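# Per-entry structural report
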Amino acid sequence: RRERVYKLRHYPRNPSVPAVDTPILLVPPLMVTAEIYDMDPTSSTVTLLTQAGMDTWIIDFGSPEKEEGGLDRTLDDHVQAVSQAIDQVRQLTGRDVHLAGYSQGGMFCYQTAAYRRSDGIKSLITFGSPVDIHRNLLIKDELATRVIDTLNSIVQRPLRAAEALPGAFSSLGFRVLSARKEVKQIYDFVTNLHDREALMRGESSRRFLHGEGFVAWPGPALKSFVSQFVVENRLSQGGFVIDGQTLTLADITCPILYFVGERDEFARPPSVRGIRLATPNAKSYEVTLRAGHFGLVVGSMAGKQTWPTVIGWARWLEDKGLKPAIARAADEQPKPAEIEDVIEANFEDVEYNVRLLFDTAKGTAGSVRRRLGEASQTLAAMFDNLRYQVPRLAKLERLSGETEVSVGLAMSEQAERIGDQTFFLWQGRAHTYSDADRRVNYVVRGLVASGVKQGVHVGVMMQARPTYLTLVAALSRLGAVAVLVSPDQKRLNLKDAIRLGDIEVLITDPERAAFGRDTFAGPVLVLGGGSARRTLPQGVIDMEAIDPEQVNLPDWYQPNPGRANDLALIIFTAGKDEKPRAARITNRRWAVAAYGAAAASTLTTKDTVYCCMPLDHAAGLLVAVGGALVGGARLALADGFDPNVFWTEVRRYGATVVYYAGEMCRALVDAPSTPTDRSHAVRLFAGSGMRTDVWKRILERFEAGVLEFYATTEGNAVLANVSGHKVGALGKPLPGTTEILLVSYDFDAESIVRDRDGKPVRSFPDEPGMLIARVDAGHPMAAFDGYADEHEASNRLVRDVQETGDTWFVTGDILRVDSDGTYWFVDRATEMVRTEQGPASSTQIEDVLYELPEIQHAQVYGIPYKDASYETPVATIVVRDGYTLDAAALARHVEKRLDRNLRPAFVRMRDTVEMSVGFRPLKKPLRDQGVDERDPRTLRYDFEKHRYTACSV
């Protein structure tokens, strides 16, 4: 049967032998013809299979250079072709299929199985098919990724220009990397000149290797293959895109049989074995043969080992025979050799005797290996610093008040630079930077047609979705101010948001249009939900009904007019006592967060950022979205954080960096352990507010790094623990951010302590102090809009700190700095417990409580007790499911770990604790509840007898 992209060949089985009921569909690589499976009578896979009773089918992609439109074929075309062939074979036979592929054909099989979620596939069988392509390099992974990325920048231009990779080039490359086989063939040819029959037996193989078996690799398919599977290593990490869908091999559930060639120079064993970690939900079996890449499927070794094993495998899965002894479950295999051992093994495996070359090469490789082993971390860091961090931090340092910088401009720049690369992933679909930028321009025209102008405050109230990002970028491109309103009203209600944000126009998604119309007196626009006919409340403007092509842009419109000092966003944050207030975010502040996150996380175009934070939260829009945008990474948007689907989505998108906030990650480490805990591509959890106990458990359980940083919503102060060596620390100031100081703070007077000259008193090393950040316009890295409310300004700004007239922002956070210059979080000033012996950190007490495995959540706060002039610590805890709290053990623990004034006088047990949208526990409601000493779930501490007893006793 002939289709547009392929032909389907059928070879009926030998009816005289016991049949294997399940048909097998063989898939060749792109650069090799289907004759790889039927080369000549002495090495024909088809003959071996059909004679053993297997119903054999082959998908034949033909010679693209000889077929109409063949050189325009994409990677999607080939994967969809394999999927269609599976459906055809199933329809004709009434059975699922064994899907088998050699080399890149096996990679097609993996991709197709993920695309179909294993539907209709009895098993996967692959031969020398690399999964973790970065493991194909003979250097350590961390440096390999940098080297590949650097080479990618060199080859992108010829890749874009190439119509196809000629078959002759593939043939030459194959022979160069298979020198042993080439030498052996020449030797056989010379020594058998007298034996015509012997010569003819190998003639087909020789002609195949010397060019006849190789065909052109279509340019679009080659470009996508290099980008997704070589540079980005997406087959291993997940998140590769087929037909606009994001896919992961973790979705494969059918059994897998994969063959590894010990002498394979094309697909080295470590890269092939990458399938073990990439498919945590499938049972995989390995067959290791002492063969090269070609010898896995053609030749004497294949005839004696490979294909009999495949036949035995098929019979075993039909309960018609025993499992082939040579096929061992992957989890029973010995741990793969480290890369150093691979280097030794490859040199020791040389068969032909070129002793001098061997000794020289081995000695050189050993020297290089040792140097790389010692310096790979340093070299990797050097690559990152030179290629990514330095330019980004230099851009921050060059920012002046008039520098052109904004969300809209960043989108335009990325669309021009990497427009064809994927930007955001949403509900399994992929959209490029060019797609996103084009949509932004359309929305700009819709805004202009609706009367929105530069400087207008526009409320944005919608659920996290691509439209949200598009709208914020469009408002930025227009020069308007986006006021981000929580769609579920958790932070503050819409009426207060309208008042605090000076909202002049409100834009909602369709689900919130009626609520917006009923609440807001001004213009209400609706965006998103597609352009299909729909019923919307009367009086709202449907922007989807506006034809952008019919909108003429006015003379005043200038795209991306934003300067660093211009107001870009208003985000609502919890201020003192958790009272919401409007935080004014300039373009400079956005740039500090975005470029800082990209630099600290070392984001590249190979990364995929997973964002499950609300987009109206600073960690969502400024850090996760901003970092991904300026870093050129892919952005996977989630509906929200759900620990039950977190790992499924992370694997499907191939996420490498996850941004968190507060206690978000505690749910991940508290979830039951699974065998797939380390089967993921996440290299880094980055965010703020992670507690030390969670940090350690993430390192141990998920083998992912943690990047904790601290950033003020206003004031441009950014700290980052880039090295991660000091677990629990905030790190050091990020280069290019504003100047910061720690100063002494009077908790009773709630003010900064000044000396006789009126200057704030600097804190000593390891002495807790109030963090302040310079914000006066005279400082090159700190612009600030000020406060309209003079009372708030007097509480949040301090002047004349280092010199007359300077202005500093009071963060409200108490930190300490050690002798190495590393900063550590102590507490919010408002949450310090004012004990009789002085202020005490509530977080310090919580950290001690978290040392008990039965405690899932612990919130400590102070309440007045007996003498209202001081407070006593009270803890509200949630006990982990399946555990009970041992009051005696709790008393012994706090007595051992806490000073007398730090021991909680009362411990209240609750089923849940209320969290903010930023996953931070809300203590004010707990503090307001006080302590009910009649509550049987509340324990009272006896300071004389050192024990806890129930208050009701």
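Residues numbered from 1 in each chain as written. Predicted model: local features only at pLDDT ≥ 70, side-chain atom pairs only at ≥ 80, totals over all residues. Heavy atoms only, no water.

## Some details on the overall build of the protein chain
The helix and strand tally for the protein chain stands at 28 helices and 42 strands. Looking at the 953 residues of the protein chain, the share that counts as buried comes to 58%. Taking all contacts inside the protein chain whose residues are at least 6 apart in sequence as the whole, residues at least 24 apart take part in 72%. When the accessible area of the protein chain is evaluated, it comes to approximately 39,800 Å², of which 50% is carbon and sulfur surface. (Helix = DSSP H or I, 4+ residues; strand = E, 2+ residues; numbered from the N terminus. Buried < 20%, exposed > 50% of the residue type's maximum accessible area, 1.4 Å probe, protein only. Contact = heavy atoms within 4.5 Å. Areas by Shrake-Rupley, 256 points an atom, 1.4 Å probe, with all protein chains shown as cover.)

## Thoughts on the packing of aromatic side chains
Counted under the stated rule, the structure contains 19 aromatic pairs. Ring centres of F641 and F919 lie 5.6 Å apart, and the angle between their planes is 90°; on these two criteria the pair is classed as edge-to-face. With F641 in the loop between strand 23 (634-637) and helix 22 (646-653) and F919 in the loop between strand 40 (906-909) and helix 28 (923-929), this residue pair connects regions lying 278 residues apart in the sequence. For the pair F641 and F919, one class covers both residues: buried. Arranged with centres 4.9 Å apart and planes meeting at 45°, the rings of W647 and F702 form a pair that is tilted. Of the two residues, W647 is situated in helix 22 and F702 in helix 24 (residues 692-702); the sequence distance between them amounts to 55 residues. F702 carries the same exposure label as W647, and that label is buried. Connected via pairs of aromatic rings, a cluster forms that spans Y610, F641, F646, W647, F685, F702 and F919. Lying over the aromatic face of Y850, R666 brings its terminal NZ or CZ to 3.7 Å of the ring centre. (Phe/Tyr/Trp six-rings, centres within 6.5 Å; stacked < 30°, edge-to-face > 60°. Lys NZ or Arg CZ within 6 Å of the ring centre and 35° of its normal.)

## Here we look at the nonpolar core
Counting 79 residues, the largest nonpolar core has L447, I507, W590, L635 and Y659 as the members making the most contacts within it. Discounting chain neighbours no more than four positions away, the residues touching Y659 are A597, S601, L603, V609, Y610, M613, V623, A624, M664, A686 and F709. Core analysis: the next-biggest nonpolar cluster, separate from the first, contains 46 residues, L25, W57, A278 and A282 among them. (Core = buried A, V, L, I, M, F, W, Y, C linked by side-chain atoms within 4.5 Å.)

## Quick look at the confidence of the model for the protein chain
Looking at the protein chain, the pLDDT average stands at 81 and 79% of residues meet or exceed 70. Ranking the helices and strands of the protein chain by mean pLDDT puts strand 5 (residues 121-127) first, with 96, and helix 13 (residues 339-348) last, with 32. Contacts from residues 150-162, a stretch scored under 50 in pLDDT, to residues over four places away or in other chains number eight contacts. Between residues 336-386, whose pLDDT stays under 50, and residues either more than four places distant or in other chains, the model counts 58 contacts. (pLDDT = per-residue confidence, 0-100.)

## Topic: the pattern of salt bridges
Following the criterion strictly, the structure yields 46 salt bridges and no others. Residue K320 pairs with E318 through a salt bridge whose shortest N-O separation is 3.3 Å. Taking the relative accessible area as the measure of exposure, E318 reaches 16% and is therefore buried. With a closest N to O distance of 3.4 Å, R465 and E511 form a salt bridge. Separated by 46 residues along the polypeptide, R465 in the loop between strand 15 (457-461) and helix 17 (466-478) and E511 in the loop between strand 17 (505-508) and helix 19 (513-519) bring together distant segments of the chain. The network of salt bridges with common partners includes D87, R90, D96, R116 and D119. (Salt bridge = Lys/Arg side-chain N within 4 Å of Asp/Glu carboxyl O.)

## Looking at helix 24
Turning to helix 24, its buried residues number three or more, namely D693, V694, W695, I698, R701 and F702. Next to the buried residues of helix 24 lie helix 22, helix 23 (666-670), strand 25 (684-688) and strand 26 (705-711). Immediately beyond the C-terminal end of helix 24, within one or two residues, lies E703, with a positive phi of roughly 50°.

## Structural notes on the pairing of strand 14 (residues 429-432)
Along strand 14, the buried face is formed by A430 and T432; none of R429 and H431, which line the opposite face, is buried. As paired elements, strand 13 (residues 422-426) and strand 14 share four bridges and run antiparallel to each other. Residue pairing in the sheet places T422 in a bridge with T432 of strand 14. Connecting strand 13 to the next strand, strand 14, in antiparallel fashion are two residues, including Q427 with a positive phi near 50°. (Pairing = 2+ DSSP bridges.)

## Side note on the environment of P324
With respect to the helices and strands, the residue P324 is situated in the loop between helix 12 (300-317) and strand 12 (328-329). Looking at P324, the relative accessible area reads 12%, which means it is buried. Taking the C-alpha atoms as reference points, P324 and P308, separated by 16 residues in sequence, lie 8.8 Å from one another.

## A few points about helix 16 (residues 433-449)
For helix 16, which comprises 17 residues, the first-to-last C-alpha distance of 25 Å matches the rise-based estimate of 24 Å (1.5 Å per residue) to within 8%. Y433, A436, D437, V440, V443, V444, G446, L447 and V448 are the residues of helix 16 that are buried. The secondary structure elements touched by the buried residues of helix 16 are helix 15 (407-418), strand 13, strand 14, helix 17, strand 17 and helix 21 (618-631). Following helix 16 by one or two positions, G451 adopts a phi angle in the positive range, close to 95°. (Expected span 1.5 Å × (residues − 1).)

## Examining the side chain of D827
When you line up the elements, D827 lands in strand 35 (residues 823-828). Look at D827: it is buried, it has no salt bridge, and the nearest opposite charge is K923 at 5.0 Å. A distance of 2.7 Å separates the side chain of D827 from the side chain of S842, its partner in a polar contact. The residues contacting D827, other than those within four sequence positions of it, are D813, I814, M832, A840, S841, S842 and T843. (Lys, Arg positive; Asp, Glu negative; His and termini not counted. Polar contact = N/O pair within 3.5 Å; in protein donor to acceptor, adjacent residues only side chain to side chain.)

## Re the sheet that holds strand 2 (residues 20-27)
Reading across from one edge, 1-3-2-4-5-10-11-12 is the order of the eight strands in this open sheet, with mixed pairing throughout. Edge positions in the open sheet fall to strand 1 (7-11) and strand 12, since each of these has one partner strand only. Alignment of strand 2 against strand 3 (residues 54-60), held across four bridges, turns out to be parallel. What sits directly across from L25, in strand 3, is W57. Strands strand 1, strand 2, strand 3, strand 4 (97-102) and strand 5 of the sheet are contacted by helix 2 (residues 75-93), whose axis makes an angle of about 150° with strand 3. This element, helix 3 (residues 104-116), spans strand 2, strand 4, strand 5 and strand 10 (256-261) of the sheet and lies at about 140° to strand 4. (Axes fitted to C-alpha atoms, helices over the stretch in contact; angles between N-to-C directions.)

## Thoughts on the environment of G821
Mapped onto the secondary structure, G821 falls in the loop between strand 34 (807-817) and strand 35. According to the relative accessible area criterion, G821 is partly exposed, its value standing at 25%. Separated by 56 residues in the primary sequence, G821 and P765 have C-alpha atoms spaced 8.5 Å apart.

## Side note on the pairing of strand 5
Extensive coverage of strand 5 is indicated by the burial of six of its seven residues. The pairing of strand 4 with strand 5 spans six bridges and is parallel. Opposite A100, over in strand 5, you have I125 as the bridge partner. Crossover connection from strand 4 via helix 3 to parallel strand 5: handedness right-handed. In this structure, strand 5 lies alongside strand 10, joined through four bridges in parallel fashion. If you follow L124 over to strand 10, its bridge partner there is I256. (Right-handed = clockwise from strand over helix to strand, strands pointing away.)

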